[in-house]
Amino acid sequence: MRVACLQLSSGDRVEANLAVVSALLDEAAAKGAKLALLPEMFAFFHPDDDRKRHFAEVLARQVVLPFLADQARRHALTLIGGSLLLPGEGELLRNTCVVFSADGEQVALYDKIHLFDGDLPDRSYHESARIQPGSQPVVLDLEDWLVGLSICYDLRFPELYRHYAALGAQLLCIPSAFTVPTGQAHWELLLRARAVENQAYVLAAAQIGRHPGGRETFGHSMIVDPWGLVVAQATNQRATEGEVVLADIDLQRVHQVRKQLPALTHRRLY
Ligand SMILES: NC(=O)CCC(=O)C(=O)O
């Protein structure tokens, strides 16, 4: 199966962001992709609370979700909608990945479980102040593939991916907007670790560049195979136009790695 990670530099203009997604999906589909992953906050990237709420309550449902359904149907591909904001309880929002099948049906929804709070060299982050954490891992059955969903900071919690591997997942999706300092230090290391320890493909679609409000993201979208090899990665040279990262993934490769080194069957409980 040919898969695509879309790398974006999303801003605060929803229509402009969706136009970039549309152009990149045209490119991915023309090159044969049957599954595409968008990054975290692909449709709206801005820190203002009122604008976030308006996006979550109005634009997400009225504009963005119908757009994703239409794109999936038009290109006959599974579209994993990175993440967008949706209303949560009370004043809170959710950071949610919505998945559409190739006939445009919404088939899965995952709320980011681990929220990104930290004082880093570039700035402080306090995602938990506005976002309600999810509590439910989600595995998606895609023809022959079992796909585990997650979002960005979830990457640092190996138990989530081990849970997916124990359920049989062979493909782990990690739409992201990693910071530059943590990306430089940890991004590839963590992605390859999740692939190696779970003997699964990892798809990681990332935001890149400077976003409204001053936040900067690391880019370096990549696709990692079950042996931990980076089989495709972004050039990071076309930040504003966005970029498509493509690779062919193969279930036989998963079976081969799991047969050569059956570490997943050697687990011991203590
Ligand atoms: N949006 C996020 O969850 C960022 C996570 C991140 O940068 C990290 O280092 O972890």
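Residues numbered from 1 in each chain as written. Predicted model: local features only at pLDDT ≥ 70, side-chain atom pairs only at ≥ 80, totals over all residues. Heavy atoms only, no water.

Our focus in this paragraph is the pattern of salt bridges. According to the stated counting rule, one finds 14 salt bridges in the structure shown. Of the charged contacts in the structure, one is a salt bridge between glutamate 40 and lysine 112, with a shortest N-O distance of 2.9 Å. Within this pair, whereas glutamate 40 is found in the loop between β2 (35–37) and α2 (49–75), its partner lysine 112 is found in the loop between β5 (106–111) and β6 (117–119), the two being separated by 72 residues in sequence. For the pair glutamate 40 and lysine 112, one class covers both residues: buried. Within this structure, Glu40, Lys112 and Glu127 form a network of salt bridges that share partners. (Salt bridge = Lys/Arg side-chain N within 4 Å of Asp/Glu carboxyl O. Helix = DSSP H or I, 4+ residues; strand = E, 2+ residues; numbered from the N terminus. Buried < 20%, exposed > 50% of the residue type's maximum accessible area, 1.4 Å probe, protein only.)

Cross-referencing UniProt, the feature "domain: CN hydrolase" (unreviewed entry) maps to residues 1–251 in the present numbering. In residues 1–251, the share of helix is 29% and the share of strand is 29%. The end C-alpha atoms are 9 Å apart. (UniProt positions renumbered as here; feature names shortened; annotations may be inferred.)

Here we take up the sheet that holds β5. Here we have 6 strands laid out as an open sheet, ordered β5-β4-β3-β2-β1-β16, and mixed in their pairing. Looking at the sheet topology across the chains shown, the edges are occupied by β5 and β16 (243–248). Sheet twist, expressed as the mean angle between neighbouring strand axes with direction ignored, is 25°. The sheet contact formed by strand β4 (residues 93–100) and β5 spans 5 bridges and is antiparallel. Looking at the pairing, valine 98 lines up with leucine 109 of β5. (Pairing = 2+ DSSP bridges. Axes fitted to C-alpha atoms, helices over the stretch in contact; angles between N-to-C directions.)

When you line up the elements, threonine 78 lands in strand β3 (residues 78–87). The contact partners of threonine 78, leaving out residues within four places of it in the chain, are Lys34, Leu35, Ala36, Val99, Phe100, Ser101, Ala102 and Leu142. (Contact = heavy atoms within 4.5 Å.)

Most of strand β9 (residues 145–149) is tucked away: 4 of the 5 residues are buried. Relative to β9, strand β8 (residues 139–142) runs antiparallel, the two being bridged by 4 bridges. Among the inter-strand pairings, leucine 140 is bridged to a residue of β9, identified as valine 147. Joining the antiparallel neighbours β8 and β9 is a turn of 2 residues, in which glutamate 143 adopts a positive phi near 50°. The pairing of β9 with strand β10 (residues 171–173) spans 3 bridges and is classified as parallel. Bridge assignment links glycine 148 to a residue of β10, and that residue is leucine 172.

Moving on to the side chain of serine 10. Position of serine 10 relative to the elements: it lies in the loop between β1 (2–7) and α1 (14–30). For serine 10, a relative accessible area of 3% corresponds to the buried category. Beyond its immediate chain neighbours, meaning those up to four positions away, serine 10 contacts Asn17, Met41, Phe42, Phe45, Gln207, His211 and Pro212.

Phi angles above zero are rare outside glycine, and glutamate 143 is one such case at about 50°. Within the secondary structure, glutamate 143 is located in the loop between β8 and β9. The class for glutamate 143 is exposed, based on a relative accessible area of 76%. One non-glycine residue, cysteine 152, lies in the positive phi region at around 45°. Positionally, cysteine 152 belongs in the loop between β9 and α3 (158–167). The class for cysteine 152 is buried, based on a relative accessible area of 6%.

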